[in-house]
Amino acid sequence: MIAKCPCEHCGVNIEFATEEFLSGSSVTCPKCGQETSIFVSPQAQPTQKQPPAPRAVAVQKPPATFSKPDGDSGIAVCLRIIGLLSVVGGVFVGIIMLEDSRYADAGLGILASGVLSGCILLGFASLIEHTKASAERLNRIEILLQKAGEKN
Ligand SMILES: [Zn+2]
């Protein structure tokens with residue numbers, strides 16, 4: 001290993017191989033030509049200090065139940081989209097038909113059924129999400145209980 005130490009006389013850094021020169025042996029300074037003893041001082045050593053090796057921290061992966069793609073939320077999103085389309089479509093078509101007196105009754109029916117079915121779908125969607133959320137909450141509580149049990 002290459003070490004550096006300052007010359008005792010002129011302060012220039014003298015590099016030397018620690019394999020060749022024992023600490024405390026004297027060498028001739030290449031700059032001022034005087035004899036100086038070399039030593040391996042902690043500061044003079046080439047800064048090869050590496051950050052402390054990362055300890056093997058037991059990274060706890062989140063339980064698989066949280067990371068796996070959840071089909072339920074996909075269904076909920078689909079229901080929500082269909083519900084919204086149903087409401088918007090029902091209102092849109094219903095209003096157009098209401099403006100024409102010939103189709104006014106049918107338009108009212110379409111408007112009402114569109115809004116109604118849309119609301120039902122939206123209701124289902126939030127129901128699914130609520131169920132999912134409470135299931136996750138239960139899961140979390142179970143994990144906490146397990147951890148508490150492991151500690152004891
Ligand atoms: Zn010197």
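Note that the coordinates shown come from a computational prediction; the quantities given were computed from them, not determined experimentally. (Residues numbered from 1 in each chain as written. Predicted model: local features only at pLDDT ≥ 70, side-chain atom pairs only at ≥ 80, totals over all residues.)

A. View of the overall build of the chain. Regarding its fold elements, the chain presents 3 helices and 4 strands. Within the chain, buried positions represent 11% of all 152 residues. Residue pairs in contact within the chain that sit at least 24 positions apart in sequence constitute 47% of those at least 6 positions apart. (Helix = DSSP H or I, 4+ residues; strand = E, 2+ residues; numbered from the N terminus. Buried ≥ 20, exposed ≤ 12 C-beta atoms within 10 Å, placed from the backbone. Contact = placed C-beta atoms within 7 Å.)

B. Up close: the environment of isoleucine 81. Tracing the chain through its elements places isoleucine 81 in helix H2 (residues 71-99). Of the residues examined, isoleucine 81 has 13 C-beta atoms within 10 Å and is grouped as partly exposed. Remark: the alpha-carbon pair of isoleucine 81 and leucine 122, spanning 41 residues in sequence, is separated by 8.3 Å.

C. Region of the structure containing the confidence of the model for the chain. Here the chain averages 82 in pLDDT, and 78% of its residues register 70 or above. The weakest mean pLDDT in the chain belongs to helix H1 (residues 64-67) at 50; the strongest belongs to strand E4 (residues 35-37) at 92. (pLDDT = per-residue confidence, 0-100.)

D. Structural view of the pairing of strand E1 (residues 2-6). By the bridge criterion, 5 bridges tie E1 to strand E2 (residues 13-17) in an arrangement that is antiparallel. Directly across from alanine 3, in E2, lies its bridge partner phenylalanine 16. Connecting the antiparallel pair E1 and E2 is a turn made up of 6 residues, with glycine 11 showing a positive phi of about 85°. (Pairing = 2+ DSSP bridges.)

E. Representation of helix H3 (residues 104-151) in the model. Given a rise of 1.5 Å per residue, 48 residues ought to cover 70 Å, and the 70 Å separating the end C-alpha atoms of H3 matches this to within 8%. For H3, the set of buried residues is Gly107, Ile110, Leu111, Gly114, Gly118, Leu121 and Ala125. (Expected span 1.5 Å × (residues − 1).)

F. Molecular detail of the environment of serine 117. Its location among the elements puts serine 117 in helix H3. In this structure serine 117 comes out as partly exposed when scored by C-beta crowding, with 15 C-beta atoms within 10 Å. The spacing of serine 117 and isoleucine 82 is 35 residues in sequence and 9.5 Å in space, taken between C-alpha atoms.

G. Up close: the environment of methionine 97. Its location among the elements puts methionine 97 in helix H2. Judged by the 19 C-beta atoms lying within 10 Å of it, methionine 97 falls in the partly exposed class. Put simply, methionine 97 and glycine 109 are 12 residues apart on the chain and 9.9 Å apart in space, counted from C-alpha to C-alpha. In this structure methionine 97 touches Tyr103, Ala104, Ala106, Gly107 and Ile110, once residues within four positions along its chain are discounted.

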